[in-house]
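So the chains spell out like this:
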Amino acid sequence: AAVTTKPRTKEQTATRRLPPYNVVLLNDDRTYTLHVAPDGDALARLAAEAVIFWADKAIARRGVFHWALSGGNTPRALYALLATPAYAARVDWSRTHVWWSDERVVSPDHPDSNFRMAWDALLRHVPIPSSCMHRVRAELGAAAFLTKPPDLDEYEKLVRRILDVELVPPKA
């Protein structure tokens, strides 16, 4: 998994150092390697190679790759690159499940939807089965999310069932 830092304030943005980007990647032997990407395109290629590497490893070991997608604009270049024929052909999309690590409380076709960004940039371009796309049904609205709607409970149950895991609640 790649880790980068991105400034959040205008002041930080004005004083931030431009590329190169320093990226730390987890290796298969649980060690870490620092990579330096000279620009955004190189960063996207590095991230795409990491996704492909871990997809191959997961499928070889467990028969399936589960990928929690990020939202916003940051991963757009990665998703677009993975959608190109040269990269898309290197992923077994039939054994890849995508999940959303976060979603905005809007309909899936809204311009601010993280699902829509992933759909437009990647998912509609690759042969991933619709049964392998597990989006959060955020169109229920903000008021519903304040009371933990049944859909979030259903999403948790889906995660547990498909990943075959027991989630341990945090200690009080």
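Residues numbered from 1 in each chain as written. Predicted model: local features only at pLDDT ≥ 70, side-chain atom pairs only at ≥ 80, totals over all residues. Heavy atoms only, no water.

Taken together, the side chains of Val24, Tyr32, Leu34 and Val36 present a nonpolar region at the surface, about 410 Å² in accessible area. When residues of the nonpolar patch are assigned to their parent elements, the largest contribution, three residues, is made by strand S2 (residues 32-37). (Patch = residues over 30% accessible without salt bridge, like charges linked within 9 Å, V, L, I, M, F, W, Y side chains within 5 Å. Areas by Shrake-Rupley, 256 points an atom, 1.4 Å probe, with all protein chains shown as cover. Salt bridge = Lys/Arg side-chain N within 4 Å of Asp/Glu carboxyl O. Helix = DSSP H or I, 4+ residues; strand = E, 2+ residues; numbered from the N terminus.)

With that settled, consider the pairing of strand S3 (residues 65-69). Within a regular beta strand, the side chains point alternately toward one face of the sheet and then the other, so they alternate between its two faces. On S3, burial follows the alternation: Phe65, Trp67 and Leu69 on one face are buried, whereas His66 and Ala68 on the facing-out side are not. Bridge analysis of S3 against strand S4 (residues 96-100) gives five bridges, and the strand direction is parallel. When the sheet's bridge partners are listed, alanine 68 is paired in S4 with tryptophan 99. (Buried < 20%, exposed > 50% of the residue type's maximum accessible area, 1.4 Å probe, protein only. Pairing = 2+ DSSP bridges.)

Take helix H2 (residues 40-62) next. Over its 23 residues, H2 runs 32 Å from end to end, which matches the ideal 33 Å to within 8%, given 1.5 Å per residue. Of the surrounding secondary structure, the elements contacted by the buried residues of H2 are strand S1 (21-26), S2, S3, helix H3 (76-82), helix H4 (85-88) and S4. Regarding H2, its N-cap is aspartate 39, as a side-chain oxygen of that residue lies 3.1 Å from the backbone nitrogen of aspartate 41 further along. Glycine 63 lies just past H2 and shows a positive phi near 85 degrees. (Expected span 1.5 Å × (residues − 1). Contact = heavy atoms within 4.5 Å. Polar contact = N/O pair within 3.5 Å; in protein donor to acceptor, adjacent residues only side chain to side chain.)

What follows deals with the packing of aromatic side chains. Tallied over the full model, the rule gives five aromatic pairs. Pairing phenylalanine 53 with tryptophan 54 gives two aromatic rings, centres 5.0 Å apart and planes at 90 degrees, and the pair type is edge-to-face. Relative accessible area serves as the criterion here: at 34%, phenylalanine 53 is assigned to the partly exposed category. Residue tryptophan 54 is classed as partly exposed on the basis of its relative accessible area, which comes to 21%. (Phe/Tyr/Trp six-rings, centres within 6.5 Å; stacked < 30°, edge-to-face > 60°.)

Here we take up the environment of lysine 57. Here lysine 57 is to be found in helix H2. Taking the C-alpha atoms as reference, lysine 57 lies 8.4 Å from aspartate 28; in sequence the two are 29 residues apart. Of the polar contacts made by the side chain of lysine 57, one reaches the side chain of aspartate 28; its length is 3.4 Å.

Averaged over the chain, the pLDDT score is 81; the fraction of residues at 70 or greater is 78%. Ranking the elements of the chain by mean pLDDT puts helix H1 (residues 10-15) last, at 46, and H4 first, at 98. Low pLDDT, under 50, characterises residues 1-8; the predicted model gives this stretch 17 contacts beyond four residues in sequence or across chains. (pLDDT = per-residue confidence, 0-100.)

The next point concerns the nonpolar core. Counting 36 residues, the largest nonpolar core has Trp67, Tyr79, Leu82, Trp100, Leu122 and Leu123 as its most contacted members. When contributions to this core are tallied by element, the ones reaching two or more residues are H2, S3, H3, H4, S4, helix H5 (114-121) and helix H7 (150-163). When residues of this core are assigned to their parent elements, the largest contribution, eight residues, is made by H2. Not counting residues within four places of it along the chain, the set of residues in contact with leucine 82 comprises Ala48, Val51, Ile52, Trp67, Tyr87, Ala88, Trp93, Leu122 and Val126. (Core = buried A, V, L, I, M, F, W, Y, C linked by side-chain atoms within 4.5 Å.)

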